[in-house]
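Breakdown of the fold
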Amino acid sequence: MSRIPDETTSALGAHLYELVAELTPAMRSITGNGVRRTLATVRRALDPAVPLTVREIPTDTPVLDWTVPKEWNVREAWLAGPDGQRILDVADHPLHLVNYSAPTYTRLALPDLAPHLHSLPDRPDWVPYRTSYYRETWGFCLPDRQRRALAEGEYQVHIDTTLTDGSLTFAEILLPGSGPLEFLLTTHVCHPGMANDNASGIAMATLLAGALADRPRRLTYRILFIPGTIGAITWLAHNRHAVEQVEHGLVLTGLGDRGQPTYKRSRRGDAVIDRAATRALKETDRPHHVVDFSPYGYDERQFCSPGFNLPVGRFGRSQHGEYPEYHTSADNMDLVTPESLGDSFAIIMRTIEICERDRTWTNTSPFGEPQLGRRGLYRSIGATLGRDAVEMGLLWVLNLADGTNSMLDIAERADLPFDTVADAADALAAVGLLT
């Protein structure tokens with residue numbers, strides 16, 4: 001793998017932005033046709049040769065400590081005022097309806113309606129995102145400015161939804177490598193009508209799948225498009241055999257806003273993915289964040305639950321709950337930029353490249369320093385003068401390649417760029433000095 005040049009990154013950012021715009025408006029949830037339509041969009045965006053497998057897990061299937069819920073779909077939902085005119089309609093924005101609202105047809109006076117209305121007093125022009133997956137209720141979300149202007153009188157509630165036995169839908173792409181160890185990439189597909197969280201993650205995983213499919217791979221890549229929480233739990237419940245092969249993992253979310261790129265460490269804290277992502281961020285020579293694991297956030301908390309404890313971190317930009325547009329209608333195409341999307345893609349690919357090249361070698365000639373000059377690897381120089389980074393990389397790798405130190409270990413101890421060390425190892429292996 002080679003680094004993506006800046007001009008390609010720019011073009012990829014523009015392509016990602018277009019895909020985010022296509023994905024954002026859908027009425028998604030943790031189950032239902034919105035997820036299926038989203039996965040159909042992903043399939044259209046992929047090269048036909050990339051294998052996307054869609055799976056359906058029936059309602060009431062036990063999954064770890066959970067149960068797959070009923071399937072939820074929306075035909076229409078609106079609220080009409082005392083004059084009979086519709087004042088809210090889910091057709092205008094999917095966030096207007098509390099996600100997983102039960103079917104409801106009623107008339108209510110404003111005081112009785114009020115507990116079912118949700119707004120943000122501190123952001124009076126934004127619509128909040130609200131859900132009720134596991135408690136049957138209903139509701140509408142609206143700008144607080146509109147809510148405060150509602151007139152007294154009777155309102156008509158029309159929520160034409162279904163909660164029925166069906167299934168939970170997710171998809172995965174498996175790209176085999178030359179070895180059995182896996183790199184897990186996962187993104188949630190349940191959030192409706194928001195660009196950064198998480199149309200950006202869906203678009204990013206789609207483009208990464210295409211890029212990885214076109215490259216030689218030592219690692220096997222498994223890319224998941226799953227509903228948040230229940231989707232990760234469902235996949236884990238049905239893939240206990242597969243988790244043993246997971247060597248690295250990234251949860252992808254919030255990749256397009258203008259915030260600094262941020263990596264959240266796995267529960268282990270010092271896994272290769274933690275070190276690789278940190279190094280990839282440092283190589284940008286720009287401000288970034290690396291934060292410790294906590295059991296709060298996105299699906300990293302499922303993959304890092306103590307029974308699994310997988311080496312899975314999370315990559316994004318501004319952290320959830322720490323930017324004002326989070327889980328509101330202001331998470332739109334004005335929040336994300338092609339530049340941020342392209343930058344996120346490049347950092348993720350660099351992290352992947354480091355994981356691909358990080359391996360543990362053993363010196364086949366460990367007794368004394370082997371003669372590098374006759375192998376064309378080392379120019380004739382004095383004992384202390386003129387050694388450049390390439391030659392130092394050769395010497396450090398020979399000295400530390402004892403079957404216990406990885407390329408990351410050597411790069412960190414030698415204080416050399418990772419590529420210098422990895423290139424040195426490739427050169428030494430090519431002439432039989434490493435195995």
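Residues numbered from 1 in each chain as written. Predicted model: local features only at pLDDT ≥ 70, side-chain atom pairs only at ≥ 80, totals over all residues. Heavy atoms only, no water.

1. Side note on the sheet that holds strand S9 (residues 154–164)
The four strands are arranged S5-S4-S9-S6 in an open sheet whose pairing can be described as antiparallel. Every other strand in the sheet has two partners, leaving strand S5 (86–89) and strand S6 (104–109) as the edge strands with one partner each. Mean inter-strand twist for the sheet, computed between neighbouring axes without regard to direction, equals 15 degrees. Note: strand S4 (residues 71–80) against S5, three bridges, orientation antiparallel. Bridge pairing in S5 links Ala-80 to Arg-86. (Pairing = 2+ DSSP bridges. Helix = DSSP H or I, 4+ residues; strand = E, 2+ residues; numbered from the N terminus. Axes fitted to C-alpha atoms, helices over the stretch in contact; angles between N-to-C directions.)

2. Details of empty space enclosed by the protein
For the coordinates displayed, the defined rule picks out one cavity of 30 Å³ or more. In this structure, the largest cavity encloses a volume near 100 Å³. For the largest cavity, the lining is made up of 16 residues, of which Thr-253, Arg-314, Ser-318, Gln-319 and His-320 are closest to its centre. The set of elements that each furnish at least two residues to the lining of the largest cavity consists of helix H5 (195–213), strand S14 (262–264) and strand S16 (312–316). Class assignment for the residues of the lining of the largest cavity results in four nonpolar, eight polar and four charged. (1 Å grid on protein atoms, 1.4 Å probe; cavity = no way out; pocket = protein on both sides within 12 Å on 5 of 7 lines; lining within 4 Å. Points joined across faces, edges and corners; volume = space filled by probe spheres on them. Nonpolar A, V, L, I, M, F, W, Y, C, P; charged D, E, K, R; others polar.)

3. Brief notes about the packing of H5 against helix H10 (residues 338–357)
Running from amino to carboxyl end, H5 crosses H10 at an angle of 50 degrees, the nearest separation of the two axes being 11 Å. As the angle between them shows, H5 and H10 are arranged oblique. Here H5 and H10 pass one another in a crossing that is right-handed. Of the residues in H10, those touching H5 at Ser-200, Met-204, Leu-207, Leu-208, Ala-211 and Leu-212 are Leu-341, Ser-344, Phe-345, Ile-348, Met-349 and Ile-352. (Parallel < 35°, antiparallel > 145°, perpendicular 65-115°, else oblique. Left-handed = near helix turned anticlockwise from the far one by under 90°. Contact = heavy atoms within 4.5 Å.)

4. Focus on the pairing of S16
Of all five residues in S16, five are buried, a share of seventy percent or more. Alignment of strand S13 (residues 246–252) against S16, held across four bridges, turns out to be parallel. Paired with Gly-249 across the strands is Val-312, a residue of S16. Note: S14 against S16, three bridges, orientation antiparallel. The residue of S16 that forms the bridge with Lys-264 is Arg-314. (Buried < 20%, exposed > 50% of the residue type's maximum accessible area, 1.4 Å probe, protein only.)

5. Regarding the nonpolar core
A general tendency of soluble globular proteins is for nonpolar side chains to be buried together. Judged by nonpolar contacts, the single largest core of 76 residues is most densely connected at Leu-185 and Phe-225. Top contributing element to this core by residue count: H5, with 11 residues. If we ignore the near neighbours within four places in the chain, the residues touching Phe-225 are Leu-39, Val-42, Leu-52, Phe-170, Ala-171, Ile-173, Thr-187, Val-189, Ile-202, Ala-205 and Thr-206. Formed by 47 residues, the second largest nonpolar core is a distinct cluster that contains Met-27, Ala-77, Leu-97 and Leu-184. (Core = buried A, V, L, I, M, F, W, Y, C linked by side-chain atoms within 4.5 Å.)

6. Re the packing of helix H8 (residues 272–283) against helix H12 (residues 407–414)
At a minimum axis separation of 11 Å, H8 and H12 run at an interaxial angle of 50 degrees. The angle between H8 and H12 falls in the class oblique. By crossing handedness, the relation of H8 to H12 is classed as left-handed. Between H8 and H12, the residues in contact are Val-272, Arg-275, Ala-276 and Arg-279 and Leu-408, Asp-409, Ala-411 and Glu-412, respectively. Of the residues that constitute the contact of H8 with H12, the class distribution is four nonpolar, no polar and four charged.

7. Points about the environment of Pro-94
Mapped onto the fold, Pro-94 is located in the loop between S5 and S6. Assessed through its relative accessible area of 11%, Pro-94 is described here as buried. Separated by 194 residues in sequence, Pro-94 and His-288 have C-alpha atoms that sit 33 Å apart. Aside from chain neighbours lying at most four places away, what touches Pro-94 is Pro-25, Ala-26, Met-27, Pro-192 and Gly-193.

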